[in-house]
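Commentary on secondary and tertiary structure
Below, each chain spelled out in residue letters.
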Amino acid sequence: MSATTCCRKFRQTLSSAPPPEPGEQERPKPLLQLRQSLNRARDLPWKMIYPGHGDPYLGHRQVINQRFLEQHERCEQIRRLLQAGPRTVYELSCAMFPWLKAGAVFLGLSEIQGHLDLLEARGLVAAAQHGDVILYRACDGQRQEALR
């Protein structure tokens, strides 16, 4: 890999949970996959980043660290909402993004689902299916491998 790289994952702004592929048996967990990629890339000796969107920039490590901080803060917001009781992805999305309407609602759902995947991997939320509905609830457990 060259010291100068152009890659979507190094955009300075990025949605954390793009939509899943149609027909997949197991739902992908793109935020977890993104975090793995970012962890690997953080130590690479890149200088200038030429993203697919936006202006070139220096300091990919700072961008990656900022992204992780933002994800942590979003996870904490979701955990606070779940302290009041179990909720669906849709209920969480409506509570966090009440301004989203029509087609934009899906973006909120994807954002929430990505962070719920991260929280679930950390043992901080649990999902339970009730008929056709999946409810998420807060937990106290924590699995260290997903913390990075």
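First, a word on scope: everything that follows refers to the structure included in this document. Just so you know, these numbers come straight off a predicted model, no measurement behind them. Here the residue numbering is sequential within each chain, running from 1 through the sequence in written order. This being a predicted model, a pLDDT of at least 70 is required before a residue's local features are given, and a value of 80 or more before pairs of side-chain atoms are given or counted; all residues contribute to the totals for chains, interfaces and linings. In computing side-chain properties, one takes all heavy atoms of the structure into account and sets aside hydrogens as well as water.

1. Examining the pattern of salt bridges
We count a salt bridge whenever a side-chain nitrogen from Lys or Arg sits within 4 Å of a carboxyl oxygen from Asp or Glu. Following the criterion strictly, the structure yields four salt bridges and no others. Here Arg67 makes a salt bridge to Glu70, at a shortest N to O gap of 2.6 Å. Pair noted here: Arg67 and Glu70 are both in helix 2 (residues 60–82), with a separation of three residues, about one helical turn. Accessible area is worked out with a 1.4 Å probe on protein chains only. A residue is then buried under 20% of its type maximum, exposed over 50%, and partly exposed in between. Judged by relative accessible area, Glu70 falls into the partly exposed class, the value being 33%. With a closest N to O distance of 2.9 Å, Glu111 and Arg74 form a salt bridge. Pair noted here: Glu111 is in helix 4 (residues 105–121) and Arg74 is in helix 2, with a separation of 37 residues, a long-range link. With relative accessibility at 16%, the residue Glu111 sits in the buried group. Strands are runs of DSSP state E lasting at least two residues, helices are runs of H or I lasting at least four, and both sets are numbered from the N terminus onward.

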